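Observations on chain architecture
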Protein chains: 2
Amino acid sequence: MIRLLLIDDHQMVRLGLSSYFSIQEDMTVVGEAEDGLQGYEIAIKEKPDIILMDLVMEVMDGIESTQKILREWPEAKIIILTSFIDDEKVFPAMDAGASGYLLKTSSAGEIAEAIRSTYNGDPYFETEVTEKLIEHENNKGKLILHDELTNREKEVLQLISQGYSNQEIADALFITLKTVKTHVSNILSKLQVEDRTQAAIYAFRHDLVE
Amino acid sequence: MIRLLLIDDHQMVRLGLSSYFSIQEDMTVVGEAEDGLQGYEIAIKEKPDIILMDLVMEVMDGIESTQKILREWPEAKIIILTSFIDDEKVFPAMDAGASGYLLKTSSAGEIAEAIRSTYNGDPYFETEVTEKLIEHENNKGKLILHDELTNREKEVLQLISQGYSNQEIADALFITLKTVKTHVSNILSKLQVEDRTQAAIYAFRHDLVE
DNA sequence: TTTCTACTCATACTTAAGACTGATTTTTCC
DNA sequence: GGAAAAATCAGTCTTAAGTATGAGTAGAAA
């Protein structure tokens, strides 16, 4: 019997899952939680075989909860069950040590299969997630332009992206205009752009602002 | 007996809802669909009392489906049941003619209440949605700076936001550098910013790019 | 018909931006 | 302790950016 813990802030999803598992002969739900903190507490107490974890939750999100559970109980098998696939979710979840990643658009059968597979020590990932991970791995070697920026240059880029002029930057950082110009030139060169506007656009497109 | 149609691409949510409604004596589920198009077809055929509609779906999303259903059957009562509240979802849904707006974090009881309320001709909206609608109404009068831009100026702003220099804009639009400068000056003045970088930032912050 | 707006182009002027070169000081790292 | 990187400042030079002002044309609206 596979003992399951459901952590999801949508009552309807928990209800759907538990009513589905209730007709599966080899599975039973031993706990439900509506946020990551509650989920963590039940996980430590109940030691379920598999934890189904949502990511977006109040109080404590799924990533943090996953980390917290695994820190205390490293053998835990946690399957992320969430709505969307985006880089900001998938990679942190993987880094946190999740054993699986499923989309909520998955059918009941797929979810059951993922649970059985993970229970038998076989991690289960959505095809799209696998592709993302491979792509991410391929990008590991590639250099990201703005990683080359020094701390000071990053500060200056921030101010450029907020519409500051060179003189305003100089005043804000208590340095001379000349120094700001040097920084700006270096930034443009490192980001391979031609002017401060393109630098600001780069910052926005790469989510470096604020 | 309130006859319900569930339209949601998450099987688990449909399962949760239908298993909850199965224990409600005054409700029954007469149909389920996993995308907006399917939902539309069933809606027209079954004419349910209340339609619970998700927004994010493949094939046809909830907004489009809502419009399509109401165009053909204006008396339909459609309650949006979705994960997030954001302006790009709430207002189009309201414009489409939804009779209610609920969050998936709502409890089963709240959902049932919303259904009964809507069934009795009383639209039901999540508190946060109501607040958004009021705020939106209050902003109706306020002028939005970039609404003042002419079509040509909007084109120029687009190119500025893509990092084009004035000369490049001139070449792209087959006009002289002088004319571009005129446009740029007018844009800066209308957006109340000081230079093209701030204009590009304005465009990014107001989601005008691409 | 006339008025108004959008779009176009031009001249002249001012200045901030950016490139290039070179230099000093501090910090970091081996 | 010494090499390397980061941060600072300066001088010079070129040009793109932006302002101000004026003006012509076409089309829409009144």
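The preceding data block contains the structure.
To start, this report covers the structure provided alongside it. Keep in mind the model is a prediction, meaning the values are calculated, not measured. (Residues numbered from 1 in each chain as written. Chains lettered and ligands numbered in written order. Predicted model: local features only at pLDDT ≥ 70, side-chain atom pairs only at ≥ 80, totals over all residues. Heavy atoms only, no water.)

1. Some words on the pairing of strand β4 (residues 78-82) of chain A
Residue and element names in this part refer to chain A. We count it as follows: Residue exposure (1.4 Å probe, protein chains only): buried if accessible area is under 20% of the type maximum, exposed if over 50%, otherwise partly exposed. We count a stretch as a helix when DSSP gives it H or I for four or more residues in a row; a strand needs E for two or more, and each element gets its number in order from the N terminus. Note on pairing: two strands pair once DSSP finds at least 2 bridges between them.
Burial analysis of β4 places five of its five residues in the buried class, which makes it a mostly covered element. Taking every second residue as pointing to the same face, both faces of β4 are buried, with Ile78, Ile80 and Thr82 on one and Ile79 and Leu81 on the other. Strand direction decides the pairing type here: strand β3 (residues 50-53) and β4, joined by three bridges, are parallel. Looking at the pairing, Leu52 lines up with Ile79 of β4. Here four bridges tie β4 to strand β5 (residues 100-103), and the two strands are oriented parallel to one another. By the bridge assignment for β5, Ile79 is matched with Gly100.

2. Quick word on the interface of chain A and chain B
This is how the line gets drawn: By definition in these notes, contact holds between two residues if any of their heavy atoms fall within 4.5 Å. Salt bridge, as used here, is a side-chain nitrogen of Lys or Arg placed within 4 Å of a carboxyl oxygen of Asp or Glu. Identification of polar contacts relies on pairs of N or O atoms within 3.5 Å, with a donor-acceptor requirement for protein atoms, meaning one able to donate a hydrogen and the other able to accept it, and with residues adjacent in sequence counted only if both atoms are side-chain atoms. Asp, Glu, Lys and Arg are counted as charged, while Ala, Val, Leu, Ile, Met, Phe, Trp, Tyr, Cys and Pro are counted as nonpolar; the rest, among them Gly, fall into the polar class.
Contact residues are listed per partner, giving 33 residues for chain A and 33 residues for chain B. There are zero salt bridges connecting chain A and chain B. Linking chain A with chain B are five residue pairs in polar contact (both at pLDDT 80 or more). Counting only elements with at least two residues in the side of chain A that touches chain B, the list comes to α1 (11-21), α5 (108-119) and α10 (196-205) of chain A. Counting residues per element, the side of chain A that touches chain B draws most heavily on α1 of chain A, at eight residues. Grouping the constituent residues of the side of chain A that touches chain B by class yields 14 nonpolar, 13 polar and six charged.

3. Structural notes on the protein's contact with DNA strand D
For the record, the criterion: Definition of nearness: a residue and a molecule or strand are near each other if at least one heavy atom of the residue lies within 4 Å of the molecule or strand.
In the region of DNA strand D, 17 residues are neighbours, and Thr150, Thr176 and His183 of chain A together with Ser185 and Arg196 of chain B sit closest. Take the atoms of DNA strand D that sit within 4 Å of the protein: sugar and phosphate atoms are 62% of them. The side chain of Arg152 of chain A places a nitrogen or oxygen atom 2.8 Å from a phosphate oxygen of DNA strand D. Take Ser185 of chain B: an N or O atom from its side chain is 2.8 Å from a phosphate oxygen of DNA strand D.

4. Details of the packing of aromatic side chains
Residue and element names in this part refer to chain B. For clarity, the cut-off: Here a pair means two rings of Phe, Tyr or Trp (six-membered ring of Trp) with centres within 6.5 Å. Their orientation is stacked below 30 degrees between planes, edge-to-face above 60, and tilted elsewhere. Distance and angle both matter: a charge sits over a ring if NZ of Lys or CZ of Arg is within 6 Å of the ring centre and within 35 degrees of the ring normal.
This structure, assessed with the given rule, holds three aromatic pairs over all chains. Here the guanidinium or amino end of Lys47 rests over the ring plane of Trp73, the centre of that ring lying 5.4 Å away. Sitting over the face of the ring of Tyr40, Lys68 holds its NZ or CZ atom 4.7 Å from the ring centroid.

5. Describing the packing of helix α7 (residues 151-160) of chain B against helix α8 (residues 166-173) of chain B
Residue and element names in this part refer to chain B. For clarity, the cut-off: To define axes, lines are fitted to C-alpha atoms, for helices over the stretch in contact only, and angles between the resulting N-to-C directions are given on a 0 to 180 degree scale. Each angle receives one of four descriptions, namely roughly parallel if under 35 degrees, roughly antiparallel if over 145, roughly perpendicular if within 65 to 115, and oblique otherwise. For any pair of crossing helices, the crossing counts as left-handed if the nearer helix is rotated counterclockwise from the farther one by less than a right angle, and right-handed if it is rotated clockwise.
The interhelical angle for the contact between α7 and α8, taken along N-to-C directions, is 130°, at an axis separation of 10 Å. One element, α7, and the other, α8, form an angle in the oblique class. For the pair α7 and α8, the sense of crossing is right-handed. Side by side, α7 and α8 meet where Arg152, Glu155, Val156, Leu159 and Ile160 of the first sit next to Ile169, Ala172 and Leu173 of the second. A breakdown of the residues in the contact of α7 with α8 according to their chemical character gives six nonpolar, no polar and two charged.

6. Some remarks on the pattern of salt bridges
A side chain of one charge can pair with a side chain of the opposite charge if their charged atoms are brought near each other. All names here are of chain B. On inspection of all chains with the given rule, the structure shows 14 salt bridges over all chains. The residue Glu32 makes a salt bridge to Arg14 at a minimum N-O spacing of 3.0 Å. In this pair, Glu32 is assigned in strand β2 (residues 27-33) and Arg14 in helix α1 (residues 11-21), connecting sequence segments 18 residues apart. Taking relative accessible area as the criterion, Glu32 reaches 34% and is therefore assigned partly exposed. With a relative accessible area of 9%, Arg14 lands in the buried category. A salt bridge links Arg116 to Asp26, with the nearest nitrogen and oxygen atoms 2.6 Å apart.

7. Digging into the relation of the copies chain A and chain B
Quick note on the threshold: For the least-squares superposition of copies, only C-alpha atoms count, and only for residues with pLDDT at least 70 in both.
Superposition of chain A onto chain B requires a rotation of 180° combined with a translation of 0.1 Å along the rotation axis, giving an RMSD of 0.2 Å. The transformation just described matches what one would write down for a two-fold rotation axis. Measuring from the rotation axis to each C-alpha of chain A, the shortest distance belongs to Gly16 of chain A, at 1.7 Å. With an isologous cut-off of 70% or more, the 97% of interface residues of chain A that recur at the interface of chain B puts this contact in the isologous class.

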